[in-house]
Amino acid sequence: MENKMPKVSGSSSSMAVPLVLFLAVFLGAVFYVKPTWDESSSLALGRDDKLQQKQQLQARLTDLQKIQQELNEASEVSKQTSLSAIPEKLEEDNLILDLSGVALKNDIILNSVNFSVPTTAPKGKIAKAVVNTNLQGTEGALIGFLRDIEANARKLNVKSITIQVGSRDAANPLSNFNVNMETYYQGEI
């Protein structure tokens, strides 16, 4: 009987070499491409985060542009009124001038003014400062002073009043008043 099996002489070894070379090239490519692939994946995630932040900032910009357009449509008088009520900076000197003018108008003696200003203003928010004044005058003059503070262009909120009644003799009918107020400014914008 003749052996009908084909003779394989070195064909399996000749097929193994290209297969091993192919596997070596494939594994080399995987190890070479894998770090680049991982880096591109992390960059894609970072890009998605940046796109989301861009959309949020774009929405905020649109809102701010809408507000700016409304302000531009407002009259110049209302713009100046808004800046007078809540100025961009605290402007202590103008505040002192306002308080002394109101006191002078109402026959009140402005003995002292103290400010308590926060060290940092909240970014993008209205900041407040506490103003303490020591005044001397009659009770009727104090009422006029408080009315003028309420009508003042600068926003001032009276928080507390302490009254020390003076003597009731005709020579010195004056009382001492400590008025605690809050005023506002725009802080860092």
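Scroll up to find the structure.
A brief report on the enclosed structure follows. All values derive from a computational prediction rather than experimental measurement. (Residues numbered from 1 in each chain as written. Predicted model: local features only at pLDDT ≥ 70, side-chain atom pairs only at ≥ 80, totals over all residues. Heavy atoms only, no water.)

Observations regarding the overall build of the chain
Phase 1 of the analysis: Broken down by element type, the chain carries four helices and four strands.
Phase 2 of the analysis: Secondary structure of the chain in N-to-C order comes out as α-α-α-β-β-α-β-β.
Phase 3 of the analysis: When each of the 189 residues of the chain is scored for burial, the buried share is 18%.
Phase 4 of the analysis: For the chain, the proportion of contacts with a sequence separation of at least 24, taken over those separated by at least 6, is 69%.
Phase 5 of the analysis: Surface accessibility of the chain: about 14,200 Å² in total, with carbon and sulfur atoms responsible for 59%. (Helix = DSSP H or I, 4+ residues; strand = E, 2+ residues; numbered from the N terminus. Buried < 20%, exposed > 50% of the residue type's maximum accessible area, 1.4 Å probe, protein only. Contact = heavy atoms within 4.5 Å. Areas by Shrake-Rupley, 256 points an atom, 1.4 Å probe, with all protein chains shown as cover.)

Things to note about the nonpolar core
Phase 1 of the analysis: Grouped together as the largest cluster of nonpolar side chains are 15 residues, with contacts concentrated most on Leu99, Leu135, Phe145 and Ile149.
Phase 2 of the analysis: Once you skip the residues sitting within four places of it in the chain, Leu135 turns out to touch Ile108, Ile109, Leu110, Asn111, Leu142, Phe145, Ser175, Asn176, Phe177 and Val179. (Core = buried A, V, L, I, M, F, W, Y, C linked by side-chain atoms within 4.5 Å.)

Some details on the sheet that holds strand β4 (residues 175-185)
Phase 1 of the analysis: The strand order β1-β2-β4-β3 describes an open sheet built from four strands, whose pairing is antiparallel. Across the chains shown, the open sheet's two edge strands, defined by having one partner strand only, are β1 (109-116) and β3 (156-164). Sheet twist, expressed as the mean angle between neighbouring strand axes with direction ignored, is 20 degrees.
Phase 2 of the analysis: As paired strands, strand β2 (residues 127-137) and β4 are joined by 11 bridges and run antiparallel to one another. In the strand pairing of β4, Gln136 is matched with Asn176.
Phase 3 of the analysis: Docked against the sheet, helix α3 (residues 92-105) engages β1, β2, β3 and β4, running at close to 150 degrees with respect to β1.
Phase 4 of the analysis: On the sheet, helix α4 (residues 139-151) packs against β2, β3 and β4 and is oriented at approximately 170 degrees with respect to β3. (Pairing = 2+ DSSP bridges. Axes fitted to C-alpha atoms, helices over the stretch in contact; angles between N-to-C directions.)

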